[in-house]
Amino acid sequence: MAHNTITTPNSSSSYTEQRSAGNAIAENSDLIAQILVRLPVKPLTQFKSVSKQWLSLISDSQFSLHHSRRNRKPISALFLLSLNKINPEFSVLPFADCSLGSTHFQFLAHPGTSILHSCNGLLCFSKLDDTTESSILRYYVCNPTTKRSARIPLLGLVHNCRIRRGYFRVDHKLCNVKIEESTRPGNDLNINLLGIYVAFDPLKSQNYRVVCVWESNADLFNYEIRIAVYRSEIGLWGELMGAFTIPYAVCFNNGVFWNGEVHWISNSDIACFDIDGGYLKIMPLPLTSNGSNVVYFGESNGHLHLVVNVKGSEALLNVFEMETDYSSFRHDNCLLQLSMLRYLQSRDFFFHMDWRLGAHVFFNNSLSFL
Amino acid sequence: MSSSLEKNMLILRSSDGEEFIVPEVVAVMSKAIKNMVEDECASNTIPVPNVDANILAMVIEFCKKHDESEAEAASDLKTFDSEFVNRGQEALYDLITAANFRDVKELLDALCQNVAEMIKGKSVHHIRIQFLGYQLFEILTSNFIWNIWCDRDFD
């Protein structure tokens, strides 16, 4: 009966009723939102063009917050980056039911573009802009799935490793970063950009932070670092914070955002910078013998994990999970099967995802889970 | 006997005048009815305007099942839910309106989930016909907005 509804005389009335029932729902934004929040992201982005009402419903920040809390998704792909900073090569390693491919990120594959950091789906990259009389590095934060990016106001001149007196021209309008005269030693001021990190938690807020760390001074054992935080909702850099003293061994290649803080590690310490509080603390890592080797440090499923491999007992991985209040690390051992040992070559890497430890093998670009 | 029946039973009257005798525990799954019962502003017969006998019967069926099967396995209830909401669009939309109006949370959840599944793979055009069949003007303007939105240059 449903098939010939169009031709039977009864059907026209049922069609009108159907329409009116549909309209009754369409007029109720709460109901539409209730339905839309149950949709996956892809149809949602398409349905933005259904009507103005739907567009504003779907674009609403409260709605997307609600949606991402409802639909917590596991990691869908790994984004692998080569260390070649000039011509970055990358590949995308999708897991099951992920439609992303390398082509999706082709817009990043320009010479002079380097990808600096990523956090919960946002990428931070820098691009060399040659159009002005001197080339300037510009920094961007982008969302690869929507391919929308936002330029982070000028930090380019700070990036020049050595800035001479009188050459220092950070645009004060764009960026509140000031370096006081008194902190300059001698004629030259050594400013090394140590890293730029993007901090974003879609479950907490739609706004992201960019954390910029540079070295203002260095002695034999310690850095003195200064930190500035960019807030996306106001589009400005905050006050320059620091100087913080931090052990030299701390590696700024990999900053891990978790629990509102950015974390860096050395072989023996962990440094945590509280983004909103603006303070830095340094804590010892567990297993701080010289022979230990950190194979993984990162965040997954809302937990901070550290995987350490002690020299001499390569088959044993020590997995630590940080408590949210930083009181202690929970310790867990993971005995590697012998066949997994070959993964412990330097070019392979480990990652921690959904309570499983995975390994990526470089030579055949494959993944396996322990 | 009859007093105990009156005590635990409520009579719901649909918009077209049909009456249903329902246990109170089932009726109060609708928050709106629950409020009325708690405020004691309800006599034995509770009118349910905007909901006709057909739809009201379905809502009561759903609530009864959910009330009975509290102890049952959740998977059974899920099967029931998915079969229950598997109806023609007309009934589905009427049910949603009723569930929303009477504030029956479990039913609304199941129904919204079903509609979401239904429209997941549909085209924008289809959705417009389904939900906003008559709003031609709206569609034209939203198209216009959409085009502007797409052309925006995100640097």
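A quick note: this is a predicted structure, and the numbers were derived from the prediction, not measured.

A closer look at the overall build of chain B
Broken down by element type, chain B carries nine helices and three strands. The order of helices and strands in chain B, counted from the N terminus, is α-β-β-α-α-β-α-α-α-α-α-α. Put simply, of all contacts in chain B between residues at least 6 apart along the chain, 56% involve residues at least 24 apart. Total accessible area on chain B stands at roughly 8,900 Å², and carbon and sulfur atoms take up 53% of it.

Concerning the overall build of chain A
Assigned secondary structure in chain A consists of six helices and 24 strands. Evaluated residue by residue, chain A yields a buried proportion of 44% over its 370 residues. Once local pairs closer than 6 in sequence are excluded, the contacts in chain A between residues at least 24 apart make up 39%. For chain A, the computed accessible surface area is about 19,400 Å², with 51% contributed by carbon and sulfur atoms.

What about the sheet that holds strand 15 (residues 261-265) of chain A?
All names here are of chain A. Spatial strand order, 14-15-16-17: four strands in an open sheet with antiparallel pairing. Of all the strands in the sheet, the pair left with one neighbour each is strand 14 (251-258) and strand 17 (279-284). Here the strands of the sheet are splayed against their neighbours by 25° on average, with no regard to which way each runs. Alignment of strand 15 against strand 16 (residues 269-274), held across five bridges, turns out to be antiparallel. Each residue of the ladder has a partner; that of Glu261, found in strand 16, is Asp274.

Focus on the confidence of the model for chain B
Residue and element names in this part refer to chain B. Looking at chain B, pLDDT values average 74 and 74% of them are 70 or higher. Per-residue pLDDT, averaged within each element of chain B, yields its smallest value for helix 1 (residues 2-8) (51) and its largest for strand 2 (residues 19-23) (85). Low pLDDT, under 50, characterises residues 1-5; the predicted model gives this stretch zero contacts beyond four residues in sequence or across chains. Under the prediction, the complex receives an ipTM of 0.73, its pTM being 0.61.

Here we look at the pattern of salt bridges
For side chains of opposite charge, pairing can occur when their charged atoms come near one another. Inspection of every chain in the model, using the stated rule, returns nine salt bridges over all chains. Linking Glu261 of chain A and Lys281 of chain A is a salt bridge whose minimum nitrogen-to-oxygen distance equals 3.4 Å. Taken as a pair, Glu261 of chain A in strand 15 and Lys281 of chain A in strand 17 lie far apart in primary sequence, 20 residues in all. Its salt-bridge partner being Lys120 of chain B, residue Glu117 of chain B comes within 3.3 Å of it at the nearest N-O pair. For Glu117 of chain B, a relative accessible area of 44% translates into the label partly exposed. In this structure, a network of salt bridges that share partners links the residues Arg209, Arg231, Glu233 and Asp276 of chain A.

Brief notes about the packing of helix 2 (residues 29-36) of chain A against helix 4 (residues 52-59) of chain A
Residues and elements named next belong to chain A. Relative to each other, helix 2 and helix 4 sit at 60°, their axes nearing to 11 Å. Classed by the angle they form, the pair helix 2 and helix 4 counts as oblique. When the axes of helix 2 and helix 4 are compared, the crossing they make is right-handed. Counted together, Ser29, Ile32, Ala33 and Leu36 of helix 2 and Gln53, Trp54, Leu57 and Ile58 of helix 4 form the full contact between these two elements. Across the contact of helix 2 with helix 4, the residue classes tally to six nonpolar, two polar and no charged.

Quick word on the nonpolar core
Leu36, Phe47 and Trp54 of chain A together with Leu107, Ile119 and Phe131 of chain B are the most contacted members of the largest nonpolar core, which totals 57 residues. If you count residues domain by domain, this core takes at least three from each of domain 1 (7-120) and domain 2 (123-155) of chain B. The next biggest cluster of nonpolar side chains, apart from the first, holds 38 residues, and it includes Leu122, Val198, Met241 and Leu280 of chain A.

Notes on the packing of aromatic side chains
All names here are of chain A. Considering all chains together, one arrives at five aromatic pairs over all chains under this definition. When the centroid spacing of 6.0 Å and the interplanar angle of 65° are considered together, the rings of Phe244 and Phe273 count as edge-to-face. On the criterion of sequence distance, the pair formed by Phe244 in strand 13 (residues 241-247) and Phe273 in strand 16 is long-range, its members being 29 residues apart. Taken individually, Phe244 and Phe273 each receive the classification buried, so the pair is uniform in this respect. Taken together, a centroid distance of 5.2 Å and an interplanar angle of 50° make the contact between Phe252 and Trp264 tilted. One end of the pair, Phe252, is in strand 14; the other, Trp264, is in strand 15, and twelve residues separate them in sequence. When sorted by exposure, Phe252 lands in the same class as Trp264, which is buried.

Examining unusual backbone geometry
The phi dihedral of Asn120 of chain A falls on the positive side, at around 45°, and the residue is not glycine. Relative to the elements of secondary structure, Asn120 of chain A occurs in the loop between strand 3 (113-119) and strand 4 (122-129). Non-glycine residue Asp103 of chain B carries a positive phi angle of around 60°. Inspection of the secondary structure assignment puts Asp103 of chain B in the loop between helix 6 (89-102) and helix 7 (105-119).

Considering the sheet that holds strand 2 of chain B
Residues and elements named next belong to chain B. Strand order in the open sheet formed by three strands is 2-1-3, and the pairing between neighbours is mixed. Because the sheet does not close on itself, it has two edges, and the strands there are strand 2 and strand 3 (45-47). The sheet shows a mean angle of 30° between the axes of neighbouring strands, direction not considered. Here five bridges tie strand 1 (residues 9-13) to strand 2, and the two strands are oriented antiparallel to one another. When the bridges of strand 2 are listed, Ile11 appears paired with Ile21.

Digging into helix 5 (residues 61-70) of chain A
Residues and elements named next belong to chain A. Looking only at helix 5, the buried set comprises Phe63, Leu65, His67 and Ser68. In this fold, the buried residues of helix 5 make contact with helix 2, helix 3 (41-47) and helix 4. Two to three positions downstream of the cap, the backbone nitrogen of Gln62 sits 3.3 Å from a side-chain oxygen, assigning the N-cap of helix 5 to Asp60.

A look at the side chain of Arg209 of chain A
All names here are of chain A. Within the secondary structure layout, Arg209 lies in strand 10 (residues 209-218). Here the side chain of Arg209 touches Glu233 through a polar contact of 3.0 Å, side chain to side chain. Contact partners of Arg209, with chain neighbours within four places excluded, come to Tyr197, Val198, Ala199, Val229, Tyr230, Arg231, Ser232, Glu233, Ile275 and Asp276.

Remarks on the confidence of the model for chain A
Residue and element names in this part refer to chain A. When pLDDT is averaged along chain A, the result is 68, and 55% of the positions lie at 70 or above. The weakest mean pLDDT in chain A belongs to strand 7 (residues 162-164) at 35; the strongest belongs to strand 15 at 90. Counted against residues more than four places away or in other chains, residues 1-19, with its pLDDT under 50, gives eight contacts. For residues 337-348, every residue scores under 50 in pLDDT, and the model assigns this stretch 21 contacts once sequence neighbours within four places are set aside.

Thresholds, definitions, all that
- Residues numbered from 1 in each chain as written.
- Chains lettered and ligands numbered in written order.
- Predicted model: local features only at pLDDT ≥ 70, side-chain atom pairs only at ≥ 80, totals over all residues.
- Heavy atoms only, no water.
- Helix = DSSP H or I, 4+ residues; strand = E, 2+ residues; numbered from the N terminus.
- Contact = heavy atoms within 4.5 Å.
- Areas by Shrake-Rupley, 256 points an atom, 1.4 Å probe, with all protein chains shown as cover.
- Buried < 20%, exposed > 50% of the residue type's maximum accessible area, 1.4 Å probe, protein only.
- Pairing = 2+ DSSP bridges.
- Axes fitted to C-alpha atoms, helices over the stretch in contact; angles between N-to-C directions.
- pLDDT = per-residue confidence, 0-100.
- Salt bridge = Lys/Arg side-chain N within 4 Å of Asp/Glu carboxyl O.
- Parallel < 35°, antiparallel > 145°, perpendicular 65-115°, else oblique.
- Left-handed = near helix turned anticlockwise from the far one by under 90°.
- Nonpolar A, V, L, I, M, F, W, Y, C, P; charged D, E, K, R; others polar.
- Core = buried A, V, L, I, M, F, W, Y, C linked by side-chain atoms within 4.5 Å.
- Domains from an automatic or database assignment.
- Phe/Tyr/Trp six-rings, centres within 6.5 Å; stacked < 30°, edge-to-face > 60°.
- Polar contact = N/O pair within 3.5 Å; in protein donor to acceptor, adjacent residues only side chain to side chain.

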